[in-house]
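So the chains spell out like this:
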Amino acid sequence: MGKLAVRALRAVLVVVFAGTVLVQAGMVWVLVAGNDPEDGSLPLTAFRVITILGMVSVQVALVCVWRLVAMVRRGTVFSHAAFRYVDGVIGAIVSAALLWFVVTAVNAPGQRDDPGVTVIMGGIGLAILGVALIVLVLRMLLAQAVARDVEAAQMQAELDEVI
């Protein structure tokens, strides 16, 4: 991975992380300070709490991607240590999908006249879970690559003994 690509990706990760922190701060400020322009009804409060939790899941994914990029840069990504970060990304995506389903459930009573919105939101939740499954497949590919790397190292060691 080139230095320019790594720097560009890290810049994007920093900007997105800062954005999530700002969103969280705004939501916490509205919840705690009581400066709610709305009436503070249950759905808005629930949506704000869900937003804060959703930003946490995004932040977890960003930190895991940051660590994976560092491993790629060092050439150590094909190791068992990478699985922890890939699992973190998968967990963050699954938690985001679950939070989206909660948003759908909280929003559903207000959509009784137009249930199509709830169906579409449920479809978006399934699409988010689909992304988690794609990352899971990529994890399996990483596992195969790590196994091949270990096997190649063993074969090289045996060859070194023979020579």
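Note that the structure is predicted; figures quoted are calculated from it, not measured.

Trainee: Any chance you could break down the packing of aromatic side chains for me, citing the residues and the numbers?
Mentor: Working definition: an aromatic ring pair is given by the centre-to-centre distance plus the angle between the planes. Tallied over the entire structure, the rule returns zero aromatic pairs. Here the basic side chain of Arg-10 rests over the ring of Trp-66, its NZ or CZ set 4.8 Å away from the ring centre.

Trainee: Talk me through the pattern of salt bridges; I want residue IDs and the actual numbers.
Mentor: The final tally for this structure, using the stated rule, is one salt bridge. Here Asp-87 makes a salt bridge to Arg-139, at a shortest N to O gap of 2.5 Å. Separated by 52 residues along the polypeptide, Asp-87 in helix α3 (residues 81-107) and Arg-139 in helix α4 (residues 116-162) bring together distant segments of the chain. You can call Asp-87 partly exposed: its relative accessible area is 35%. With relative accessibility at 24%, the residue Arg-139 sits in the partly exposed group.

Trainee: Tell me about a nonpolar patch on the surface, and name the residues and values.
Mentor: The grouping of Val-28, Leu-31, Val-32, Val-49 and Leu-53 at the surface amounts to a nonpolar patch, some 400 Å² of accessible area in total. When contributions to the nonpolar patch are tallied by element, the ones reaching two or more residues are α1 (3-33) and α2 (42-74). Position of Leu-53 relative to the elements: it lies in helix α2.

Trainee: I'd like to hear about the side chain of Gln-59, residue by residue, with values.
Mentor: Summarising the element assignment, Gln-59 is placed in helix α2. The class of Gln-59 is buried, set by a relative accessible area of 11%. Those residues within four positions of Gln-59 in sequence are excluded, and the remaining contacts are Phe-17, Thr-20, Val-21 and Gln-24.

About the thresholds
The residue numbers shown here count from 1 along each chain, following its written sequence. This being a predicted model, a pLDDT of at least 70 is required before a residue's local features are given, and a value of 80 or more before pairs of side-chain atoms are given or counted; all residues contribute to the totals for chains, interfaces and linings. Working from all heavy atoms in the structure, the side-chain values ignore hydrogens and water. Between 30 and 60 degrees the pair is tilted, below 30 it is stacked and above 60 it is edge-to-face, where a pair is any two Phe, Tyr or Trp rings, Trp via its six-membered ring, whose centres lie within 6.5 Å. For a ring to carry a charge above it, either NZ of a lysine or CZ of an arginine must fall within 6 Å of the ring centroid while also lying within 35 degrees of the normal to the ring plane. For this analysis, a salt bridge means a side-chain nitrogen from Lys or Arg found within 4 Å of a carboxyl oxygen belonging to Asp or Glu. Helix and strand labels come from DSSP, where a helix needs a run of H or I of at least four residues and a strand needs a run of E of at least two; each type is numbered from the N terminus. Buried, partly exposed and exposed residues are distinguished by accessible area as a fraction of the type maximum, computed with a 1.4 Å probe on protein chains only: under 20%, between the cut-offs, and over 50%, respectively. Here, patches come from residues exposed beyond 30% relative accessible area and free of salt bridges, joined within 9 Å for like charges and within 5 Å for nonpolar side chains (Val, Leu, Ile, Met, Phe, Trp, Tyr). Calculation of accessible area relied on Shrake-Rupley with a 1.4 Å probe; when residues are assessed, cover is drawn exclusively from the protein chains displayed. By definition in these notes, contact holds between two residues if any of their heavy atoms fall within 4.5 Å.

Such coordinate-based values are descriptive only and should not be taken to indicate function.
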